[in-house]
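So the chains spell out like this:
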Amino acid sequence: MIVNRTTYINQLVRSKGNGLIKIVTGIRRSGKSFLLKKLFRQHLLDDGVQDDHIIIIDMESRKNKAFKDPDLLLDYIDNVMKDDDTYYIVIDEVQEVKDFVEVLSTLSVTEGTDVYVTGSNSRFLSSDVVTEFRGRGDEIHVWPLSFKEYMSVYDGSVEEGWAEYRMYGGLPQLLTQVGDDKKTDFLLHLYRTVYLRDIYERNGIDLKQEFEELSKTIASSIGAPVSARKIADTFKSVAHVQNIADKTVALYMGYMQDAFLIEKSERYDIKGRKYIGSLSKYYYQDVGLRNAILSFRQNEVTHIMENVIYNEMRMRGWLVDVGNIFNRVRNTEGQQQRVTLEVDFVCNKGSKRIYIQSAYKMPDAEKMEQEKRSLKLVDDSFRKLIVVGEHTKPWSDENGIQIVSIYDFLLDLSFTE
């Protein structure tokens, strides 16, 4: 079963031959290797590139263990380049190569090479490579399958697909698992044997029980503002773990972001046009892994839908903040009070902006007015959306606020173009 990941292929094609190192990042098992080694390779062949001019080196294969030595790797590439035509060099999980930044620096100035690498850790790739190359790196981030990609191969109704997607997420290998028990076991096993082990080994974490408790706390808190200090305080009431300082919590949260498990969304004062440096929200790059961390015991559709919307906007190339807007109202005694209302997402891409509210259900006029309240206070002309978790025809009210179903929002890109 092949999902044609057109978005990423188009990004790779646009970057082809631009003189930069193409750095394909993303959470483990999101499909980076398949994208480069299968889909992009096929594009190159279809485009007339000869097979022997596509050099693919998988650093997770034991057969390539010797290539962890940077000099052996560079000598091998040099020996297979026989003519002056372009050679497409693909190195999968390049961070396994010793001194890989120096290797990429060498390849970037080697005549006749167009280099593509993958990696699953932002600290190894985003920080080191971008700093080292100073504009010579071109990062392409690969997410798990979007709902649209998922439905392109799903054999069932859109409602059944949505129920599956919000429970098990979009890691491509899930498509080969048949039955709820197999999908559950796959995600639980993957989290423990790949993601946790990877984070522990890479960062030398000794407080494993505390780290797992932290990951559960963050998984339980999607849709809610949190801070390292606030999470550290919760550890004081958990009997089976040690108290850990907020600095350690912040460090561990950074490790989770480096592994692309979670992303941080900052709070933004819409009227004041500034960031509020206190509590933030965290979202999982795959909701299936989030559910697995909690042993599938907290399947709150409202929060999961919010997480999916966040991921969808990030996949579409938007920067996504959590919006706060301040307003003054009179209380029952006639006194003015300053209240804070939230816009779930303030999304920016260049000069474009979209405000989005996630509302699983709006059963009556009171609930609808509640969801609209913060959007009505935003006094600009940018698009304002309320995404609801049920079927409805898209429509707009007298304030220009557009109501759209989660199905249309995820399957029709025009709502955010």
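See the structure shown above.
Nothing here was measured: the structure is a model prediction, and the numbers come from that model.

Here we take up the pattern of salt bridges. Enumeration over the complete set of coordinates arrives at 24 salt bridges. A salt bridge links Asp 58 to Lys 37; its shortest N-O distance comes to 3.0 Å. Taken together, the positions of Asp 58 in strand β2 (residues 54–58) and Lys 37 in helix α2 (residues 32–46) put the pair 21 residues apart, joining distant regions of the chain. The class of Asp 58 is buried, set by a relative accessible area of 18%.

What follows deals with unusual backbone geometry. With a phi close to 70°, Arg 29 is a non-glycine residue in the positive phi region. For Arg 29, the location among the structural elements is in the loop between β1 (21–25) and α2. One non-glycine residue, Phe 260, adopts positive backbone phi at about 65°. Topologically, Phe 260 is positioned in the loop between α11 (246–258) and β6 (262–269).

The set of residues buried in helix α7 (residues 158–168) consists of Gly 161, Trp 162, Glu 164, Tyr 165, Arg 166, Met 167 and Tyr 168. Packing partners of the buried residues in α7 comprise α6 (147–151), α8 (180–203), α12 (287–293), α13 (301–315) and α15 (406–411). One or two positions beyond α7, positive phi appears at Gly 169, with a value near 75°.

Let us now look at the environment of Ile 309. Secondary-structure assignment places Ile 309 in helix α13. The exposure class assigned to Ile 309 is buried, which follows from its relative accessible area of 0%. In this structure Ile 309 touches Phe 345, Ile 356, Ser 358, Val 387, Ile 406 and Phe 409, once residues within four positions along its chain are discounted.

Next up on the list: the environment of Phe 345. Mapped onto the secondary structure, Phe 345 falls in strand β9 (residues 336–349). In the structure, Phe 345 is positioned 169 residues away from Thr 176 in sequence and 34 Å away in space, judged by C-alpha atoms.

A few words now on the environment of Tyr 168. Along the polypeptide, Tyr 168 turns up in helix α7. With sequence-adjacent residues up to four places away left out, Tyr 168 is seen in contact with Leu 174, Asp 180, Lys 183, Thr 184, Leu 187, Asp 286, Gly 288 and Phe 296. Separated by 3.2 Å, the side chains of Tyr 168 and Asp 180 make a polar contact.

Moving on to the sheet that holds β2. Pairing within the open sheet is parallel, and its 5 strands lie in the order β2-β3-β4-β1-β5. With partners counted over all chains shown, the strands left at the sheet margins are β2 and β5 (137–141), one partner each. Direction aside, neighbouring strands of the sheet carry axes that sit 15° apart on average. Alignment of β1 against strand β4 (residues 113–119), held across 4 bridges, turns out to be parallel. When the sheet's bridge partners are listed, Thr 25 is paired in β4 with Gly 119.

Within the element layout of this structure, Lys 281 appears in strand β7 (residues 274–284). The contacts of Lys 281, once residues within four sequence positions are left out, are Gly 223, Ala 224, Pro 225, Glu 263, Lys 264, Ser 265, Glu 306, Val 322, Glu 342 and Asp 344.

For the rest of this paragraph, the subject is the side chain of Glu 371. In this structure, Glu 371 sits in helix α14 (residues 365–377). Polar contacts involving the side chain of Glu 371 include one to the side chain of Lys 367, which spans 2.9 Å. Residues contacting Glu 371, with those up to four places away along its chain left out, are Gln 357, Ser 358, Ala 359, Met 362 and Ile 386.

Take the nonpolar core next. Side chains of nonpolar character tend, in soluble globular proteins, to be buried together. Judged by nonpolar contacts, the single largest core of 45 residues is most densely connected at Trp 162, Ile 356 and Phe 409. Take this core: its biggest share by element is 7 residues, from α13. Other than its neighbours up to four places away in sequence, Phe 409 contacts Ile 309, Glu 312, Met 313, Arg 316, Ile 356, Leu 385, Val 387, Val 404, Phe 415 and Thr 416. If you look at the next biggest cluster of nonpolar residues, it comprises 43 residues, including Ile 199, Ile 205, Val 249 and Ala 259.

Turning our eyes to something else, we now look at the packing of helix α10 (residues 228–235) against α11. When two helices pack together, their arrangement is given by the angle between the helix axes and the distance between those axes. Taken N-terminus to C-terminus, the directions of α10 and α11 make an angle of 115°; their axes are 8 Å apart at the nearest point. For the element pair α10 / α11, the angle class is roughly perpendicular. Note that α10 runs across α11; the crossing there is right-handed. In this structure, α10 contributes Ala 228, Arg 229, Ile 231 and Ala 232 to the contact, and α11 contributes Asp 246, Val 249, Ala 250 and Met 253. Here the residues of the contact of α10 with α11 are counted per class, giving 6 nonpolar, no polar and 2 charged.

The next thing to look at is the pairing of β1. β1 sits mainly inside the fold: 5 of its 5 residues count as buried. Alternating positions in β1 separate into two faces, Ile 21, Ile 23 and Thr 25 on one and Lys 22 and Val 24 on the other, with burial throughout. Judged from the 5 bridges that link them, β1 and β5 form a sheet pairing that is parallel. Paired with Ile 21 across the strands is Gly 137, a residue of β5.

Reading the values: rules and limits
Residues numbered from 1 in each chain as written. Predicted model: local features only at pLDDT ≥ 70, side-chain atom pairs only at ≥ 80, totals over all residues. Heavy atoms only, no water. Salt bridge = Lys/Arg side-chain N within 4 Å of Asp/Glu carboxyl O. Helix = DSSP H or I, 4+ residues; strand = E, 2+ residues; numbered from the N terminus. Buried < 20%, exposed > 50% of the residue type's maximum accessible area, 1.4 Å probe, protein only. Contact = heavy atoms within 4.5 Å. Polar contact = N/O pair within 3.5 Å; in protein donor to acceptor, adjacent residues only side chain to side chain. Pairing = 2+ DSSP bridges. Axes fitted to C-alpha atoms, helices over the stretch in contact; angles between N-to-C directions. Core = buried A, V, L, I, M, F, W, Y, C linked by side-chain atoms within 4.5 Å. Parallel < 35°, antiparallel > 145°, perpendicular 65-115°, else oblique. Left-handed = near helix turned anticlockwise from the far one by under 90°. Nonpolar A, V, L, I, M, F, W, Y, C, P; charged D, E, K, R; others polar.

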